[in-house]
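# Architecture at a glance
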Amino acid sequence: MARYFVGITGASGHAYARALIRALLEAGHEVDLAVTGAGEKVLRHELGLARADLAEPGVRVFDADAVEAPPSSGTALTGGVILCPCSMGTLARVAVGFSSNLVERAADVALKEGRPLVVVPREAPLSEIHLENLLRIAKLGAIVLPAAPGFYHRPKHLDDLVDHVVGKILDRLGVEHSRGARWSGLDEPPTERGIER
Ligand SMILES: Cc1cc2nc3c(=O)[nH]c(=O)nc-3n(C[C@H](O)[C@H](O)[C@H](O)COP(=O)(O)O)c2cc1C
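The paragraphs below set out a description of the structure included in this document. From a predicted model like this one, the values you see are computed outputs, not experimental measurements.

Attention now goes to the site of the ligand. Close to the ligand lie 13 residues; Gly10, Thr36, Ser87, Thr90 and Arg122 are nearest. Gly10 has a polar backbone atom sitting 2.7 Å from an oxygen atom of the ligand. In the environment of the ligand, a nitrogen atom lies 3.5 Å from a nitrogen or oxygen atom belonging to the side chain of Glu123. In isolation the ligand has 640 Å² of accessible area, and contact with the protein removes 63% of it. The greatest single-element share of the shell around the ligand, amounting to 3 residues, is contributed by helix H3 (residues 88–95). Classifying every residue of the shell around the ligand by side-chain character gives 4 nonpolar, 6 polar and 3 charged.

Following this line, the structure appears as structure tokens:
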């Protein structure tokens, strides 16, 4: 059993965060999480949830301002930090070590301690600033795993797309899971329609 820190920011794609938390709990792990101020607005807009609604057994929810919380220190062991979804703002601040809140500080700690940091950016199109920041954190050791699901597994529901990204995050963390179909090669063309349009 390990404890993972999930930092939820003001980028779109909170369904990924919710599915990630659920998958980590299902795998027997514990989750610490914090939601930025912008993240709280998007969480309410996209999922109709408040930060407090994410609290459940196995999950510790911290205020984003709680820089005194355990995830702020490298002495508090974690299996890794996941910024999901990661805004371009948080990305930029992590890329320069700004650490202005618990989400950014937890990412900073992962980098300095050499622990897994998975960044799940969501923005389109990407400016040169965004691309430079993504390259910068990749060079610093972060895993850049865009919220860009594939369609080759022929998704039928939105959950299939969400799980495709979540499964890849879990793979990079070494967490066993059954999220997202694994590629087994080309087969016959589909006989039924794909995702509902
Ligand atoms: C509904 C909504 C969706 C947003 N989607 C994105 C997004 O996908 N990517 C992004 O970088 N910013 C997005 N933003 C803007 C960020 O929330 C904004 O830049 C914020 O300052 C980020 O703060 P944070 O990094 O502290 O969470 C969105 C804002 C709103 C209200």
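Once you've had a look at it, read on.
A separate point is a nonpolar patch on the surface. Taken together, the side chains of Tyr152, Trp183 and Leu186 present a nonpolar region at the surface, about 430 Å² in accessible area. Relative to the elements of secondary structure, Tyr152 occurs in the loop between strand E6 (143–144) and helix H6 (158–173).

For the rest of this paragraph, the subject is the pattern of salt bridges. This model, assessed by the stated rule, comprises 14 salt bridges. A salt bridge links Arg60 to Asp32; the shortest N-O distance between them is 2.8 Å. One end of the pair, Arg60, is in strand E3 (residues 59–63); the other, Asp32, is in strand E2 (residues 30–35), with 28 residues separating them in the sequence. In this structure Asp32 comes out as buried when scored by relative accessible area, which is 2%. Between Arg105 and Asp108 there is a salt bridge, with the nearest N and O atoms lying 3.3 Å from each other. Of this pair, Arg105 and Asp108 both sit in helix H4 (residues 102–113), 3 residues apart, roughly one helical turn. A relative accessible area of 23% means that Arg105 is categorised as partly exposed. Residues joined in a network through salt bridges with shared partners are Arg3, Glu30, Asp32 and Arg60.

The rules we used
Residues numbered from 1 in each chain as written. Predicted model: local features only at pLDDT ≥ 70, side-chain atom pairs only at ≥ 80, totals over all residues. Heavy atoms only, no water. Near = heavy atom within 4 Å. Polar contact = N/O pair within 3.5 Å; in protein donor to acceptor, adjacent residues only side chain to side chain. Areas by Shrake-Rupley, 256 points an atom, 1.4 Å probe, with all protein chains shown as cover. Helix = DSSP H or I, 4+ residues; strand = E, 2+ residues; numbered from the N terminus. Nonpolar A, V, L, I, M, F, W, Y, C, P; charged D, E, K, R; others polar. Patch = residues over 30% accessible without salt bridge, like charges linked within 9 Å, V, L, I, M, F, W, Y side chains within 5 Å. Salt bridge = Lys/Arg side-chain N within 4 Å of Asp/Glu carboxyl O. Buried < 20%, exposed > 50% of the residue type's maximum accessible area, 1.4 Å probe, protein only.

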